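Structural features, examined
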Amino acid sequence: CLLGWSISRLARSPHGADLKVTLVTKAAFAPLMEKMHGIDRVIPFPEGGLGELIKLAAQLRSENFDSIVDGHNVLRSNLLLMLMGQRPTSSLKKDTAARLALLGFNKSHHSLNQTMGDRFDALFDHQSADESPPLMHLRSNTGVSFPTLGLAPGAQWDSKRWPEGHFAELLDSFCTQNPSPVRIFLGPREEIWFPGSKLEAVCTRHSKVEIIRGKNLTQVASLLAQCSLVSINDSGLLHMSEAVGTPVLAFYGPTVAQFGYFPRLPRSEVMEVTLECRPCSRNGKKACHRGDLACLQNIHPTDAAKTLFRIWEDREPSS
């Protein structure tokens, strides 16, 4: 989704009308990326072995692209380019050494002032000043006339999840004081702990809570587009929510702003606490070495509710 912002801005540039953009991405992401403004064609990355990768490389090599951008710069994309016999016009700069220095020695480098959006923008020569979200059309086509709150309590790693009990208190506070409907977004990982949880108990007490589960990414994006605000962890759904133009109230624990993945919409906000052990990993994969997940546990639901209500009251009239 973050790359989609830069491609969308490229399409809105003075030269954008003359460009045809082909994106190679994981098969799971392909249907959603096809909806992105500025992307003309999406090719799913093969899930088979080397033989399938060689076939894809031959297909791409025969198309004689004017420019090739490596927007991931990992082993998989490097191997594909090698098989194509091509050098990229530009590649994503990650500054891995600077990130490791921040993790290991709490030593910050000026390169970490760049967001991932900045890094993706740097891949392209021409950019528009238009900062419209790349999936904004999903939001404008919803036709929803009532404000809806979204809650996304999951994350790829448990160490990045604001405690579900905190989410339960936040949800109960909102539903008690506000008649607006709420959508709870659950993925496969959440289905493990959600049944029988405090959060499920709160959901059953309030009739206007809708549980969203079993949806593909495109369907989830459309449902996020119908929300006025989403309370969420540092996760892929955060970036999907912003890509459809829905601001977020995000909870950050093991990861920090210097890693470049903070929200980008002006109305989005982050809640975090200052601890000497932050950051503790580049992506939040490592378990909390303290054992108490204080970075997220110490973001109190009462404070989160105050922030949420403030953002909610200041939301755009049409949201």
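Residues numbered from 1 in each chain as written. Predicted model: local features only at pLDDT ≥ 70, side-chain atom pairs only at ≥ 80, totals over all residues. Heavy atoms only, no water.

Quick look at the overall build of the protein
Let me state the cut-off plainly: The numbering of helices and of strands both runs from the N terminus, where a helix is a DSSP run of H or I of at least 4 residues and a strand a run of E of at least 2. Only C-alpha atoms enter the radius of gyration; for comparison, a globular chain is expected to reach 2.2 Å times N to the power 0.38, where N is the number of residues. Here the term buried applies to any residue with accessible area under 20% of the maximum for its type, exposed to any over 50%, and partly exposed to those in between, with areas from a 1.4 Å probe on protein chains only. Should any heavy atoms of two residues lie within 4.5 Å, those residues are considered in contact. Areas reported here follow the Shrake-Rupley algorithm with a probe of radius 1.4 Å; residue values treat only the protein chains shown as occluding. Under this rule, positive means Lys or Arg and negative means Asp or Glu; His and the chain ends count for nothing. Charge positions are represented by NZ for Lys, CZ for Arg, CG for Asp and CD for Glu.
Within the protein, the regular secondary structure consists of 14 helices and 10 strands. Its C-alpha atoms give the protein a radius of gyration of 21 Å, near enough to 20 Å, the size a compact globule of 319 residues would have. Dimensions of the protein, computed from C-alpha atoms along their principal axes, come out at roughly 60 × 50 × 40 Å. Going through the 319 residues of the protein one by one, you find that 48% of them count as buried. When contacts within the protein are restricted to residue pairs at least 6 apart in sequence, long-range pairs at least 24 apart make up 64% of them. Accessible surface for the protein amounts to roughly 16,000 Å². Of this, 52% is attributable to carbon and sulfur atoms. Here the protein contributes 35 positive and 32 negative side-chain charges, whose respective centroids are spaced 3 Å apart.

Examining the pairing of strand β6 (residues 182-185)
Threshold: Pairing between strands is defined by DSSP: at least two bridges between the two strands are required.
Burial along β6 is two-sided: V182 and I184 facing one way and R183 and F185 facing the other are all buried. Examined bridge by bridge, strand β5 (residues 149-152) and β6 share three bridges and lie parallel to one another. The residue of β6 that forms the bridge with L151 is I184. Strand direction decides the pairing type here: β6 and strand β7 (residues 209-212), joined by four bridges, are parallel. Within β7, the residue paired with V182 across the bridge is V209.

Remarks on the sheet that holds strand β8 (residues 229-233)
Strand pairing in a sheet relies on backbone hydrogen bonds, with the paired strands running either antiparallel or parallel. What counts here: Lines are fitted to the C-alpha atoms to define the axes, a helix being fitted only along its stretch in contact, and any angle between axes, read from their N-to-C directions, falls within 0 to 180 degrees.
Pairing is parallel in the open sheet, where six strands are placed in the order β7-β6-β5-β8-β9-β10. Single-partner strands in this sheet number two, and they are β7 and β10 (269-271). Here the strands of the sheet are splayed against their neighbours by 20 degrees on average, with no regard to which way each runs. Direction of pairing for strand β9 (residues 248-251) relative to β10: parallel, over a ladder of three bridges. Opposite F251, over in β10, you have M271 as the bridge partner.

Comments concerning helix α3 (residues 50-62)
Because an α-helix packs 3.6 residues into every turn, residues spaced three or four apart end up facing the same way. Put simply, the test is: Multiply 1.5 Å by the residue count of a helix minus one, and that product is the helix's expected span.
Taking 1.5 Å per residue, 13 residues should reach 18 Å; α3 reaches 18 Å between its end C-alpha atoms and fits that length. Close packing links the buried residues of α3 with β1 (22-26), β2 (41-45) and α4 (75-84). N64, located one to two residues past α3, shows a positive phi value of around 50 degrees.

Quick notes on the side chain of H239
In this structure, H239 sits in helix α12 (residues 236-243). Setting aside residues up to four positions removed in sequence, H239 forms contacts with C1, L2 and Y261.

Looking at unusual backbone geometry
With an omega of -10 degrees, the peptide bond running from R278 to P279 counts as cis. Within the secondary structure, P279 sits in the loop between β10 and α13 (294-297). Positive phi outside glycine occurs at N73, with the angle close to 55 degrees. In this structure, N73 sits in the loop between β3 (69-70) and α4. The partly exposed category is assigned to N73, whose relative accessible area is 29%. Phi at L293 takes a positive value of approximately 45 degrees, unusual for a residue other than glycine. Inspection of the secondary structure puts L293 in the loop between β10 and α13.

As for the packing of α3 against α4
Convention followed: An angle below 35 degrees is read as roughly parallel, one above 145 as roughly antiparallel, one from 65 to 115 as roughly perpendicular, and any other as oblique. Handedness of a crossing is defined here by the sense of rotation of the near helix relative to the far one, left-handed for an anticlockwise turn of less than a right angle and right-handed for a clockwise turn.
In contact at an axis separation of 8 Å, α3 and α4 are set at 60 degrees when each is read in the N-to-C sense. The orientation of α3 relative to α4 falls into the category oblique. Our pair here, α3 against α4, has a crossing hand that is right-handed. On α4, the residues touching L50, L53, I54, L56, A57, L60 and R61 of α3 are L79, L80, L83 and M84.

Considerations on the environment of A243
Relative to the helices and strands, A243 is located in helix α12. With 238 residues separating them along the chain, A243 and W5 place their C-alpha atoms 7.5 Å apart. Beyond its immediate sequence surroundings of up to four residues, A243 is in contact with C1, W5, P133, P134, L135 and M136.

Here we look at the pattern of salt bridges
Basically, it comes down to this: By definition, a salt bridge exists where a carboxyl oxygen of Asp or Glu is found within 4 Å of a side-chain nitrogen of Lys or Arg.
This structure, assessed with the given rule, holds 15 salt bridges. Note that R41 and E63 form a salt bridge whose closest N and O atoms lie 2.5 Å from each other. Of this pair, R41 sits in strand β2 while E63 sits in the loop between α3 and β3, and the two are 22 residues apart along the sequence. Given a relative accessible area of 31%, R41 falls into the partly exposed group. For E131, the salt bridge identified is with R264, shortest N-O distance 3.2 Å. Taken together, the residues E131 in the loop between α6 (116-121) and α7 (136-140) and R264 in the loop between β9 and β10 connect sequence positions 133 residues apart. Because the salt bridges share partners, they merge into one network encompassing R9, D121, E131 and R264.

Function cannot be read off these values alone, since they describe shape.
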